[in-house]
Amino acid sequence: MSKLNNLFKEAKKNKKKVFIGFVTSGDPNYASSKAIIKEMTKSCQIIEAGVSFNTSTSDSPIIMEANDRAINSGMNMSKTFKLIKEVKRETKTDTCFVLMTYLNPVIVYGIKKFINSCNSVGIAGVIIVDGSLNSPEEKILINGLSKKNIGYTKIISPTNSDKFIQQSIRNCKNSFLYITSYYGLTGSKNVNIENVKKMIKRVRKYSKEIPASVGFGVKTPAQVKQVSRYADGVICGSSIVNKIAEGHKKRLKSKKLATFVSSYVKKLSKGIGR
């Protein structure tokens, strides 16, 4: 059983929901990103650490700009592993770390090397945004990660077929489903609660057990609370990344930037239904 399985199982047992925060690792630079993530471990049960990539297909301008800042500061896959390893060592946190990336950077890094690095660093789960169901690469990743008890998460949206949802559930036994509240770019709209209700219902038709977490457009504590009524986990990404950009423009650095961002993340996390 993976660490993610245990986290959601324990939350369900205690009638709690899981708060998930996303950041692009290395944004706006290594030192500041490290300080931000360390502070976020105080409010997030899961942190999705995005691996910077300059040709992503589903990210809003907010996250694309974060990718550019990280890449310009010298960030890459190896440094992402190093950053998370240091955060885990220096905070001794129970927060689960999930890597969010595209297939191209994984192939360039090496799939087997990627799996081994995830294991050695203590990564709890992986999200491959453009992973294709039943592709050779996906099968290698799922098999390799599952042998290390590392979760594999699929992203599903309102436009996906029931067949896709069923296969995603089978592929995510060690993790959770990432449900988008609308079809399109992350953070480009406000959360669509009607879609959330419909998507949770569709997932529950095929599985009562798989944890379902919802993201895209969740920007306020009130929206976090609203989504948590239906989902097992609530994901906030673009709004946090936008706060990093705001602080960076104010020329805040390291601990000051981390405090600026973490105060916002703390407010968001308090919206989780208990």
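Summary of the structure given here. (Residues numbered from 1 in each chain as written. Predicted model: local features only at pLDDT ≥ 70, side-chain atom pairs only at ≥ 80, totals over all residues. Heavy atoms only, no water.)

It is worth spelling out the overall build of the protein at this point. Helix and strand content of the protein: twelve helices and nine strands. With respect to the three principal axes, the spread of C-alpha positions in the protein is 50 × 40 × 35 Å. Within the span of the protein, comprising 274 residues, buried residues form 58% of the whole. Of the contacts formed within the protein by residues at least 6 apart in sequence, a portion of 74% connects residues at least 24 apart. Once the 48 positive and 18 negative side-chain charges of the protein are each reduced to a mean point, those two points are 5 Å apart. (Helix = DSSP H or I, 4+ residues; strand = E, 2+ residues; numbered from the N terminus. Buried < 20%, exposed > 50% of the residue type's maximum accessible area, 1.4 Å probe, protein only. Contact = heavy atoms within 4.5 Å. Lys, Arg positive; Asp, Glu negative; His and termini not counted. Charge placed at Lys NZ, Arg CZ, Asp CG, Glu CD.)

Moving on: the sheet that holds strand 9 (residues 233-236). The strand order across the open sheet built from nine strands is 5-4-3-2-1-9-8-7-6, with neighbouring strands paired in parallel fashion. Of all the strands in the sheet, the pair left with one neighbour each is strand 5 (151-153) and strand 6 (155-156). (Pairing = 2+ DSSP bridges.)

Right, let's get into the pattern of salt bridges. Side chains that differ in charge, positive against negative, can pair when their charged atoms come close. This structure, assessed with the given rule, holds 14 salt bridges. For the salt bridge of Glu39 with Lys42, the shortest nitrogen-to-oxygen distance reads 3.1 Å. Note on Glu39: relative accessible area 26%, which makes it partly exposed. For the salt bridge of Asp162 with Arg202, the shortest nitrogen-to-oxygen distance reads 2.6 Å. One end of the pair, Asp162, is in helix 8 (residues 162-171); the other, Arg202, is in helix 9 (residues 193-206), with 40 residues separating them in the sequence. The network of salt bridges with common partners includes Lys34, Lys38, Lys82, Glu86 and Glu90. (Salt bridge = Lys/Arg side-chain N within 4 Å of Asp/Glu carboxyl O.)

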